[in-house]
Protein chains: 4
Amino acid sequence: MNKKDYPNKIQIRVRTFEVDSLGIVHNSYYLNYFEIGRVEYRREAGYKILPGGVFSDGLIVVVVRNEINYRSPAHFDDILNLYTRIEWIKNSSFCFEQFIENQETGKSICDGKGVLVNIDSNGNSFPLNEKFKSELINFDKNIKLIK
Amino acid sequence: MNKKDYPNKIQIRVRTFEVDSLGIVHNSYYLNYFEIGRVEYRREAGYKILPGGVFSDGLIVVVVRNEINYRSPAHFDDILNLYTRIEWIKNSSFCFEQFIENQETGKSICDGKGVLVNIDSNGNSFPLNEKFKSELINFDKNIKLIK
Amino acid sequence: MNKKDYPNKIQIRVRTFEVDSLGIVHNSYYLNYFEIGRVEYRREAGYKILPGGVFSDGLIVVVVRNEINYRSPAHFDDILNLYTRIEWIKNSSFCFEQFIENQETGKSICDGKGVLVNIDSNGNSFPLNEKFKSELINFDKNIKLIK
Amino acid sequence: MNKKDYPNKIQIRVRTFEVDSLGIVHNSYYLNYFEIGRVEYRREAGYKILPGGVFSDGLIVVVVRNEINYRSPAHFDDILNLYTRIEWIKNSSFCFEQFIENQETGKSICDGKGVLVNIDSNGNSFPLNEKFKSELINFDKNIKLIK
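Everything quoted here is computed from the prediction, not taken from an experiment. (Residues numbered from 1 in each chain as written. Chains lettered and ligands numbered in written order. Predicted model: local features only at pLDDT ≥ 70, side-chain atom pairs only at ≥ 80, totals over all residues. Heavy atoms only, no water.)

**A look at the side chain of asparagine 27 of chain B**
Structurally, the position occupied by asparagine 27 of chain B is in the loop between β1 (8-13) and α1 (29-44). On the basis of relative accessibility, which here comes to 9%, the residue asparagine 27 of chain B falls in the buried class. A polar contact is formed between the side chain of asparagine 27 of chain B and the side chain of glutamate 35 of chain D, at a distance of 2.8 Å. Those residues in contact with asparagine 27 of chain B that lie beyond four places of it in its chain are Tyr70 of chain B together with Leu31, Glu35, Val63 and Asn66 of chain D. (Helix = DSSP H or I, 4+ residues; strand = E, 2+ residues; numbered from the N terminus. Buried < 20%, exposed > 50% of the residue type's maximum accessible area, 1.4 Å probe, protein only. Polar contact = N/O pair within 3.5 Å; in protein donor to acceptor, adjacent residues only side chain to side chain. Contact = heavy atoms within 4.5 Å.)

**As for the environment of serine 21 of chain C**
Residues and elements named next belong to chain C. Following the sequence through the fold, serine 21 ends up in the loop between β1 (8-13) and α1 (29-44). Classification of serine 21 by relative accessible area gives partly exposed; the value is 26%. Along the sequence, serine 21 and asparagine 138 sit 117 residues apart, while their C-alpha atoms lie 44 Å from each other.

**Quick notes on the relation of the copies chain B and chain A**
The operation relating chain B to chain A is a screw motion whose rotation component is 180°, with 0.0 Å of axial translation and a residual RMSD of 0.0 Å. Viewed as a symmetry operation, the transformation between the two copies matches a two-fold axis. A symmetric contact is evident, with 100% of the interface residues of chain B recurring at the interface of chain A. (Least-squares fit on C-alpha atoms with pLDDT ≥ 70 in both.)

**Quick notes on the interface of chain B and chain A**
Counting from both sides, the interface comprises seven residues of chain B and, opposite them, seven residues of chain A. For the pair chain B and chain A, the summed buried area comes to about 500 Å², and 61% of that belongs to carbon and sulfur atoms. Taken as a group, Phe17, Ser21 and His26 of chain B account for 59% of the area that chain B buries against chain A, more than any other trio of residues on that side. Our count for the chain B to chain A interface comes out at zero salt bridges. The tally of links between chain B and chain A comes to two residue pairs in polar contact (both at pLDDT 80 or more). Tallied by class, residues from the side of chain B that touches chain A come to two nonpolar, four polar and one charged. (Buried area = accessible area lost by both parts, 1.4 Å probe. Salt bridge = Lys/Arg side-chain N within 4 Å of Asp/Glu carboxyl O. Nonpolar A, V, L, I, M, F, W, Y, C, P; charged D, E, K, R; others polar.)

**Brief notes about the pairing of strand β2 (residues 61-70) of chain B**
Most of β2 of chain B is tucked away, with seven of its 10 residues classed as buried. Relative to strand β5 (residues 108-118) of chain B, β2 of chain B is paired through nine bridges, and the arrangement is antiparallel. The residue of β5 of chain B that forms the bridge with valine 61 of chain B is asparagine 118 of chain B. Note: β2 of chain B against strand β2 (residues 61-70) of chain D, five bridges, orientation antiparallel. Bridge pairing in β2 of chain D places asparagine 69 of chain B opposite arginine 65 of chain D. (Pairing = 2+ DSSP bridges.)

**Notes on the relation of the copies chain C and chain A**
When chain C is fitted onto chain A, the two copies agree to an RMSD of 0.0 Å after a turn of 180° and an axial shift of 0.0 Å. Taken as a fraction of all interface residues of chain C, those also at the interface in chain A reach 100%, which identifies the copy contact as same-surface.

**A few points about the side chain of asparagine 32 of chain D**
Its location among the elements puts asparagine 32 of chain D in helix α1 (residues 29-44). Non-local contacts of asparagine 32 of chain D, meaning those with residues more than four positions away in its chain, are made with Phe17 of chain A together with His26 and Ser28 of chain B.

**Some details on α1 of chain D**
All names here are of chain D. The terminal C-alpha atoms of α1 lie 23 Å apart, and with 16 residues this matches the ideal 22 Å at 1.5 Å per residue to within 8%. Of all 16 residues in α1, 14 are buried; the element is thus mostly enclosed. Immediately beyond the C-terminal end of α1, within one or two residues, lies glycine 46, with a positive phi of roughly 100°. (Expected span 1.5 Å × (residues − 1).)

Take a look at the structure:
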């Protein structure tokens, strides 16, 4: 997938409290970066981000899987480019695909995927509504719709 | 104040993600340690700790001030002793006093205070009930009651 | 794999600053729990944990991949059981397999894997020494040795 | 002190992993915000921020005290204005003064101070050099020089 195919790109500056004793961003912290990217993707797609949570506009969506590959370390004060797209949508779930590069060098830092599931008030998976799906597909042209 | 006058003492092991590039615990993280100590103080005083929050048994209590003095650094894998007492209770507020030492060397790591205020549903300060105050004073003998 | 086949089991209590606005442990924080388990696995296997880092006894080991499946949420003050084993060892890398359950209910919270690679001072992958491999296989009987 | 007297002002957006179960920024996290402000103050004052740490250009500076007063809560996705100045410089130490307001409402969120000390390689306090002091006083007009 080409960089231009990621509808959301943001910049993140690495902060003191995000690096460990090796001076590099701690492996868990990248999932925080990914979550920032997912929120900004939502905002760019035109959704209101409410104080109650990213999906507090009606959907109840939970993360059921994350995977991440670390390619090279990021250091304090580095500026990182974070790219976010949705790879696929199924009946009740969808999958973010994201990667991070060093802004200055272009070097790949990490890439990963995260699967989110829409649930009902009992915590069971529940079909995404058609409006949500068509809005997303309209915003993010390369989403694969899996029946 | 003597160590024996702190009703709660717990041990904390320093973890990888709590240290910064100097290999020492980041200055903000000690406030997390202090909060762990405040929860365990509550537990030892006989209060039920509910999933909704430390004070979800009726009180609505918020932190209005923290202060902390850093005496010497703590490193990854150090075991720390954290001592917690309540210094004073006023009409609607009370103040924790806490300190941390290195378990092995006894060296002082940091000490601090935190003021919490009881609020009503509008967010205004509200008098602590007498039952709560007398329970605390019974548990923590050196609390100073300030009228 | 049976619970008894995980050489290391530790308990973790969920803390206030680890839960998000839904009152559940934030998805990134489980990678911190996993790292705690990996350190304690090392300790139980007889390795000295040095202030400079988990693998500061000669090896330089970096995390190259994490994956995690979230099964059910954990809440503030829950006690969690974290089980850690090594699934396989290759020439220069090895893979942790870990899962977390709620201690009281036995309910599955999450499970995941993490791949670590031994590197040389230039950052290139470098074969694990035979002593390290044989010590691990002796400690953790179900490790699969992949040539 | 007037807002215009703070030489550095930055904006911070509150992220999902920074709020607790009440949906408000956790009390310890504000010290991270303060540290971001101190780094950006340094950058604006013309200092190079090196990967090894904020003061890795020669000075070895450690935080010896933080204090913070919480005025009103900040929520997920709020944009905050963080103002940073240096209040005073002594022989070997100096003190940041900082406050945070909600950008949209102007409401005060918190304010605090942090004292940093210059140390030598043995960890003892060591006089700040005159060049550093005069540069700072030139940049931040309201600094009080305490002999």
